[in-house]
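If you want the building blocks of each chain, they are given just below.
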Amino acid sequence: TERLHFYRRLRLRGVRHIVWYGPPVHCEFYAELLNLLQEAADDAHPVSCLLLYSKYDAPALARIAGNARAARMLDESRQPTFLFC
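Residues numbered from 1 in each chain as written. Predicted model: local features only at pLDDT ≥ 70, side-chain atom pairs only at ≥ 80, totals over all residues. Heavy atoms only, no water.

A. View of the overall build of the protein chain. Tallying secondary structure elements over the protein chain gives four helices and two strands in all. Helices (α) and strands (β) of the protein chain occur, in sequence order from the N terminus, as α-β-α-β-α-α. When the backbone C-alpha atoms are referred to their principal axes, the protein chain occupies close to 40 × 35 × 20 Å. Within the protein chain, buried positions represent 22% of all 85 residues. Excluding contacts between residues fewer than 6 apart, the proportion of contacts in the protein chain whose partners are at least 24 apart in sequence is 51%. A total of about 6700 Å² of accessible surface is found on the protein chain, and carbon and sulfur atoms cover 54% of it. (Helix = DSSP H or I, 4+ residues; strand = E, 2+ residues; numbered from the N terminus. Buried < 20%, exposed > 50% of the residue type's maximum accessible area, 1.4 Å probe, protein only. Contact = heavy atoms within 4.5 Å. Areas by Shrake-Rupley, 256 points an atom, 1.4 Å probe, with all protein chains shown as cover.)

Here is the structure:
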C-alpha cells in the first residue's frame, strides 16, 4: 500500500506487474515503483503498469503526468486508454 511504502520503502524484487487503483498522493512513489519494474524487466518476462483514474483524480494525475497531458487524459472525447513508453 502507499502507506507501507511511505514508512518502509521496501525494495521488492521480481515485481513484474503493478496495478494502481488511483494515482498516488505523493508523485515520487509512482516513479520509485516503476523503477522496480525496470529492474525486473527482461526479454523473457514483460512488465506492465496499470493506473486506473477518474476525473476526481485530476490533481494527483497532473502531479504525475503534467498539467497538459493530464487534461488530455481526462478529456472524455479522446480515447479511453493511454500508453506511455
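B. Representation of the packing of helix α3 (residues 58-65) against helix α4 (residues 67-74). Interaxial distance between α3 and α4 falls to 7 Å at its minimum, and their mutual angle equals 130°. Relative to α4, α3 is oriented oblique. Crossing of α3 against α4: the hand is right-handed. Each of A58, L61, A62 and A65 in α3 lies in contact with α4, whose residues at this interface are N67, R69, A70, M73 and L74. Among the residues forming the contact of α3 with α4, the class breakdown is seven nonpolar, one polar and one charged. (Axes fitted to C-alpha atoms, helices over the stretch in contact; angles between N-to-C directions. Parallel < 35°, antiparallel > 145°, perpendicular 65-115°, else oblique. Left-handed = near helix turned anticlockwise from the far one by under 90°. Nonpolar A, V, L, I, M, F, W, Y, C, P; charged D, E, K, R; others polar.)

C. Geometry of the layout of surface pockets. In this structure, the second largest pocket encloses a volume near 320 Å³. Every residue lining the second largest pocket is counted, 13 residues in all, and those nearest its centre are T1, E2, H5, L12 and L33. Among the elements of the structure, α1 (2-8), β1 (17-20) and α2 (27-40) are those that each provide at least two residues to the lining of the second largest pocket. Counted by class, the lining of the second largest pocket contains nine nonpolar, three polar and one charged residues. (1 Å grid on protein atoms, 1.4 Å probe; cavity = no way out; pocket = protein on both sides within 12 Å on 5 of 7 lines; lining within 4 Å. Points joined across faces, edges and corners; volume = space filled by probe spheres on them.)

D. Fine view of the pattern of salt bridges. Summed over the entire model, instances satisfying the criterion amount to one salt bridge. D75 is the salt-bridge partner of R78, the closest N and O atoms lying 3.9 Å from each other. (Salt bridge = Lys/Arg side-chain N within 4 Å of Asp/Glu carboxyl O.)

Structural measurements only, silent on function.
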